[in-house]
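# Summary of structural features
Listed here are the chains, written in short residue letters.
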Amino acid sequence: MTDTFIQLEHLTKTFPGTAEPAVDDLMLGVRKGEIVMLLGPSGCGKTTTLKMINRLVEPTSGCIIIGGQDVTDADPDELRRGIGYVIQQGGLLPHRRVRDNVAAVLQLLKWPAAKMSARVDEMLDLVGLDPTVYRDRYPKELSGGQRQRVGVARALAADPPIMLLDEPFGAVDPVVRESLQDEFLRLQQHICKTIVFVTHDLAEAVKMGDRIAVVRDHSAVAQFDTPARILANPANDFVRDFLGENPELRTLSLLEVTSDMLSNPPTVSTEPGGPAPWRQLAGSKACRM
């Protein structure tokens, strides 16, 4: 695939003292500018997979290829400076002000102070936080949603081409979570990052992803496709069970609402091999490149 930007080839991780691999012979490709969701139950190896991409966890075997370059043995510190990483609650340093948290990677890159300060304000403004209000606050003075926004601002500060997100909105209430999801999708239309996003929440995967990799134990890929095709045609019993009852109703949430639907409402088929609902779906969530 010529537009693949991240390629994981036969990626395997076995931790010392364990009999079975956490990730076993994973093959996965992520296209430039798209959001790929790693969706699966807790403990199936999703986070380990994510951490291997930026070498926070070293693979036991296999290759990580980014932009056509094998980075499996590259300097991990250099690699991470080109990859934004966001976790629950933003992973902020509690003893440092917001401005210093956002500037953490820029300080490692030795940006001049004036340029760094301007970039911090630009990033805070981008994620909807007024720099004059928030730059001097400490994380404990922020709400959960605000801390998450600061985490995104920090991940974006050095303008990395790749972002890795590990259940970044999982620790906030449902209303804030939905707001953060909407804001992130809006940002993606402009920042055009290649994103791998870990979640165990089906609704989040359907809403956020251009494609979803449904994974089972050891990060074995059970199905890798668009949300609409997975909902309409689960590949096997594991995917079908993970989707739960009435997955066709989730397909309706993917439809773009238009005025003609008032007289001609959309439908989805509950029968295998029925009409393909994704033909009516809104455009890709990927960036406008």
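Higher on the page you've got the structure.
All of these numbers come straight from a predicted model, not from anything done at the bench. (Residues numbered from 1 in each chain as written. Predicted model: local features only at pLDDT ≥ 70, side-chain atom pairs only at ≥ 80, totals over all residues. Heavy atoms only, no water.)

### Section: empty space enclosed by the protein
Scanning the model with the defined rule gives one cavity of 30 Å³ or more in all. The calculated volume of the largest cavity comes to roughly 70 Å³. As for the largest cavity, its lining consists of Val127, Gln148, Arg149, Val152, Phe169, Leu180, Glu183, Phe184 and Leu187. Put simply, the parts of the chain that give the lining of the largest cavity at least two residues each are α7 (144-156) and α8 (174-191). Here the lining of the largest cavity gets four residues from one element, more than from any other, and that element is α8. A per-class count over the lining of the largest cavity returns six nonpolar, one polar and two charged. (1 Å grid on protein atoms, 1.4 Å probe; cavity = no way out; pocket = protein on both sides within 12 Å on 5 of 7 lines; lining within 4 Å. Points joined across faces, edges and corners; volume = space filled by probe spheres on them. Helix = DSSP H or I, 4+ residues; strand = E, 2+ residues; numbered from the N terminus. Nonpolar A, V, L, I, M, F, W, Y, C, P; charged D, E, K, R; others polar.)

### What to know about the packing of helix α5 (residues 113-126) against α7
Between α5 and α7, the least distance of the axes is 9 Å, while the angle of their chain directions is 130°. In this view, α5 runs oblique relative to α7, as classed from their interaxial angle. For the pair α5 and α7, the crossing hand works out as right-handed. Packed against α5, whose contacting residues are Arg119, Met123, Leu124 and Leu126, the element α7 presents Val150, Ala153 and Leu156 at the interface. Tallied by class, the residues present in the contact of α5 with α7 amount to six nonpolar, no polar and one charged. (Axes fitted to C-alpha atoms, helices over the stretch in contact; angles between N-to-C directions. Parallel < 35°, antiparallel > 145°, perpendicular 65-115°, else oblique. Left-handed = near helix turned anticlockwise from the far one by under 90°. Contact = heavy atoms within 4.5 Å.)

### A look at the layout of surface pockets
Its boundaries defined by the atoms lining it, the second largest pocket holds a volume of some 480 Å³. Among the elements that take part in the lining of the second largest pocket, strand β6 (residues 83-87) stands out by supplying five residues, more than any other. Residue classes in the lining of the second largest pocket are distributed as 12 nonpolar, four polar and four charged.

### Section: the nonpolar core
With 45 residues, the main nonpolar core has Val102, Val150, Met163, Phe184, Phe197 and Ile212 as its most contacted residues. Membership of the second largest hydrophobic core comes to 26 residues, among which are Val23, Leu26, Met52 and Val196. (Core = buried A, V, L, I, M, F, W, Y, C linked by side-chain atoms within 4.5 Å. Buried < 20%, exposed > 50% of the residue type's maximum accessible area, 1.4 Å probe, protein only.)

### Regarding the sheet that holds strand β1 (residues 4-13)
Through backbone hydrogen bonds, the strands of a sheet pair up, either in parallel or in antiparallel fashion. Strand order in the open sheet formed by four strands is β2-β1-β4-β5, and the pairing between neighbours is antiparallel. The open sheet is flanked by β2 (23-31) and β5 (69-70), the only strands paired with a single partner. Summarising the sheet, β1 and β2 pair through six bridges and their orientation is antiparallel. Bridging across to β2, glutamine 7 finds its partner in glycine 29. Helix α1 (residues 46-53) contacts β1, β2 and β4 (61-66) of the sheet and is inclined by roughly 120° relative to β1. (Pairing = 2+ DSSP bridges.)

### Structural notes on the sheet that holds strand β3 (residues 35-39)
Read from one edge of the open sheet, six strands run β6-β7-β8-β3-β9-β10, paired in mixed fashion. Of all strands in the sheet, those with a lone pairing partner are β6 and β10 (221-225), marking the two edges. When strand polarity is set aside, the average angle formed by the axes of neighbouring strands in this sheet is 15°. Two strands pair when backbone bridges link them, and β3 and strand β8 (residues 194-199) are joined in this way by five bridges, in the parallel orientation. The partner of leucine 38 across the bridge, within β8, is valine 198. Running at roughly 165° to β6, α7 makes contact with β6 and β7 (162-166) of the sheet.

### A look at α1
Summarising burial for α1: six of the eight residues are buried, a large majority. Along α1, the residues classified as buried are Lys46, Thr48, Thr49, Leu50, Met52 and Ile53. Where α1 ends, the next residue or the one after it, arginine 55, has phi of about 65°, a positive value.

### Quick word on unusual backbone geometry
Although it is not a glycine, aspartate 25 sits at a positive phi angle of roughly 55°. Locating aspartate 25 in the fold gives a position in strand β2. The backbone phi angle of arginine 55 is positive, close to 65°, even though this residue is not glycine.

### As for the environment of alanine 235
Relative to the helices and strands, alanine 235 resides in the loop between α10 (227-232) and α11 (237-243). Along the primary structure alanine 235 and aspartate 225 are separated by 10 residues, whereas in three dimensions their C-alpha atoms are 9.9 Å apart. Leave out the neighbours within four places in its chain, and alanine 235 touches Ala222 and Gln223.

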